[in-house]
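Coordinate analysis (summary)
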Amino acid sequence: MKRTIFLSAISIFSFQFSIFAQSPHPKLIVGIVVDQMRYDYLYKYWDKYGNDGLKKLMKGGAVFKNGHYNYIPTYTAPGHCSIYTGTTPAVHGIAGNDWIDRISGKSIYCTSDSLEVTPVGTSDKKIAAHSPRRQMVTTIGDELKIFTNFKSKVVGVALKDRSSILPAGHNANGAYWYDNTTGGLVSSSFYVKELPVWVTKFNEKKLADAYLSKPWNTLLPIETYTESFADSNKYEGLFKEEKKPIFPHDLPALRKANGMGLLRETPFGNTFTKEMAIAAIEGEGLGLDNIPDLLAVSFSSPDHIGHKYGPQSVEVEDCYLRLDLEIAALISYLETKVGKDNFLLFLAADHGASQNANYLSDQKIPAGHYKPKEFTDSLKAMMAQRYGAGDWIIGYENDQVYFNRPLMASRRMNPEEVENVVARWIETRPNVHKAIPSHVLRNGAASAKMEQLAQNGLHPFRSGDVTVIMNFGYMEWAETGTTHGTSFTYDTHIPMIFYGKGVKPGEYLQAANIVDIAPTISTIANIPFPGAATGKVLDIK
Ligand code: ZN
Ligand code: ZN
Ligand code: ZN
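Position numbers for residues start from 1 in each chain and track the written sequence from start to end. The lettering of chains begins at A and the numbering of ligands begins at 1, in the order of writing. Only residues with pLDDT of at least 70 are given local features in this predicted model, and only at 80 or more are side-chain atom pairs given and counted; all residues enter the totals for whole chains, interfaces and linings. Only heavy atoms go into the side-chain values, all of them from the structure, while hydrogens and water stay out.

Take unusual backbone geometry next. The step from Ile72 to Pro73 runs through a cis peptide bond, and the omega angle for that step is 5°. Each helix is a run of DSSP H or I of at least 4 residues and each strand a run of E of at least 2, with the numbering of both proceeding from the N terminus. Inspection of the secondary structure assignment puts Pro73 in the loop between strand E3 (67-68) and helix H4 (76-85). Positive phi, normally seen in glycine, also occurs at Asn398, with a value near 55°. Examined against the element boundaries, Asn398 turns out to sit in the loop between strand E13 (393-397) and strand E14 (400-403). Not every positive phi belongs to a glycine, and Arg412 is a case in point at roughly 55°.

So, in structure tokens, the structure goes:
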């Protein structure tokens, strides 16, 4: 009798234990953001990708083929913030990489925080006095921390400060980014008093030094890069003091003029980032137990390379072929260390990119350049003529005109009327598609797609007073390379892939927005939504 009771106690115990062993959560959530990854890169280089990187995620994961940004401006900081908060700049407040402060009239960088925090790992405030304080809502990681009573660990890694800080959120154990002067990682007192031992050890490896001591040659024989334009062409930019934009790029020689920041503009910046990610998993002990952790990784180098060379370049192609290998290495590490069925991963981009405008023109496609300075100078002249002398415009940022609101108030002007006048005037300028007064966006539910995107991107006091939409293909950029920021699909269409624990593999054609990632990840991982999420849950469970 006694023996039976004892046995059933054991079986009850082991039954409970087995339920316990099947945690409803992944051990580790891994977010991968590729800076400036256009959706078409998944297929453009398909034949050259290996089986263990992007193809593995696409074949074994849920691939959203119609995933877009649902706001403008499509820049890095709002992109990363929107992915991890599940909402748009109108709500999370990261209105651009920079925006104009209404009170001081000065440009503000999204993560600068030199009054409140001190740099860690450097004494340079510009490099590391940063924090996520201007992000006005919670991230996936913030909610995860609160949900597990702060037992979860949350870490952000990227070369760019904003791409590490904004995804990691307000409660992260750490966010680390790259220092151009030393080639090592830094952080701020917002997270840590001093660099953790794992970061110091990582810095001691001097990986940037090693990566920049060899030339950048193509991964495969260069004649096989038939998806891209010839290596030497007029659409490509140059490294400082480089004579021609061709392979091999002599990194050891270029280092003298370009400094350690050179790493960012090479595919080895991605190798460095992958090593950072692995060092963070090891160093912070991520994914070791049933309490879910989060690692936010962002690959910044594809953006720098894309800006310099444009999407049709051999350089961009080589960047993605090599990135595919870095992603393969990271997946393989996760499978070994955290376990095949224990992690949940997503891959997305913070925006796409246009083709080079001159390249498009040469192919008879409408495109061109514009200079905001010429544009705002004539706007100022028009306003002086109409309203009298005065500093009517305090700035132009993110394709938005910022009015001098105090001056207008002192002259008892109706700002809405001025918005209308300025918008109508802007629409008479060359290559402008339309100009939208902010009060129209603030007051009404925008119905047309462009107005909707502008409305979702418009923060009440951080954004400007008139949003300017330039014609298709027009950019504020140099003659070489390319940029992003618009509402056109070349900037909004990006990869959205979910992979791992709880994800039903498949290809999905329905419309998905970037803000859907966070609530979807929260649902699959059985953790709370970011508090201000406006996205929907994608049905992939
Ligand atoms: Zn970016
Ligand atoms: Zn080239
Ligand atoms: Zn960019």
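A few words on the environment of Thr376. Within the secondary structure, Thr376 is located in helix H16 (residues 372-387). Relative accessibility thresholds used throughout: buried, under 20% of the residue-type maximum; exposed, over 50%; partly exposed, between the two (1.4 Å probe, protein chains only). Taking the relative accessible area as the measure of exposure, Thr376 reaches 8% and is therefore buried.

Once that is clear, we can look at the coordination of the zinc ion (ligand 2). Every protein donor of the zinc ion (ligand 2) is accounted for by Asp231 (O), Asp231 (OD), Glu236 (OE), Pro245 (O), Glu315 (OE) and Glu315 (OE), and the metal-donor separations fall at 2.0 to 2.7 Å. Shown as donors are all N, O and S atoms within 2.8 Å of a metal ion, widened to 3.2 Å for Na, K and Ca; because water is not in the atom set, sites may appear incomplete. The rule is simple: four donors are tetrahedral if all their angles sit between 85 and 135 degrees, four are square planar and six octahedral if opposite donors span more than 155 degrees and the others lie between 65 and 115, and anything that fits none of that is irregular. Angles of 52 to 167° at the metal separate the six donor atoms of the zinc ion (ligand 2), which places the site in the irregular class. Mapping the donors of the zinc ion (ligand 2) onto the primary sequence gives the spacing D-x4-E-x8-P-x69-E.

So, on to the coordination of the zinc ion (ligand 3). Protein coordination at the zinc ion (ligand 3) comes from Asp303 (OD), Asp303 (OD), His307 (NE2) and His484 (NE2), with a distance range of 2.0 to 2.6 Å. Each of the four donor atoms bound to the zinc ion (ligand 3) contributes to angles spanning 54 to 156°, and the resulting shape is irregular. Read from N- to C-terminus, the donor residues coordinating the zinc ion (ligand 3) fall into the pattern D-x3-H-x176-H. Between the zinc ion (ligand 3) and the zinc ion (ligand 1) the interatomic distance amounts to 4.1 Å. Remark: His484 occurs in the loop between strand E17 (474-475) and helix H21 (489-492) and Asp303 occurs in helix H13 (residues 301-309); sequence separation between them is 181 residues.

Turning to helix H9 (residues 197-204), a few remarks are in order. Those residues of H9 that fall on the buried side of the exposure criterion are Trp198, Val199 and Phe202. Projection of H9 onto a plane perpendicular to its axis shows the buried side chains occupying an angular sector of 100°, all on one side. Exposed residues lying more than 90 degrees from the buried face of H9 are Val197, Lys201 and Glu204. Buried residues belonging to H9 abut strand E8 (174-178), strand E9 (185-188), helix H10 (207-211) and helix H12 (268-284). In the segment just after H9, Lys206 is the residue with positive phi, at about 50°. Throughout, the arc means that of the directions going from the helix axis to the C-beta atoms. Two residues form a contact once any of their heavy atoms are found within 4.5 Å.

Another aspect to go through is the sheet that holds strand E11 (residues 343-349). Spatial ordering of the open sheet is given by E6-E9-E8-E7-E10-E1-E11-E18-E2-E19, a layout of 10 strands whose pairing is mixed. Only two strands of the sheet have a single partner each, and these edge strands are strand E6 (119-120) and strand E19 (506-508). DSSP calls a pair of strands paired once it identifies at least 2 bridges connecting them. Bridge count between E6 and E9: two bridges; the pairing is antiparallel. Paired with Val120 across the bridge in E9 is Ser187. Of the strands in this sheet, strand E7 (154-158) and strand E10 (293-299) touch helix H7 (residues 140-147), which is tilted by about 165° from E10. Lines fitted to C-alpha atoms define the axes here, with helix axes fitted over just the stretch in contact, and angles between the N-to-C directions of these axes take values from 0 to 180 degrees.

A few words now on the pattern of salt bridges. Take a side-chain nitrogen of Lys or Arg and a carboxyl oxygen of Asp or Glu: if they are within 4 Å of each other, that pair is a salt bridge. Summed over the entire model, instances satisfying the criterion amount to 22 salt bridges. Between Asp318 and Arg322 there is a salt bridge, and its shortest N-O distance comes to 2.8 Å. Residue Asp318 and its partner Arg322 are located together in helix H14 (residues 314-339), separated by four residues, close to a single helical turn. Like Arg322, Asp318 is buried. Shared partners join several salt bridges into a network, and the residues in it are Asp35, Lys160 and Asp303.

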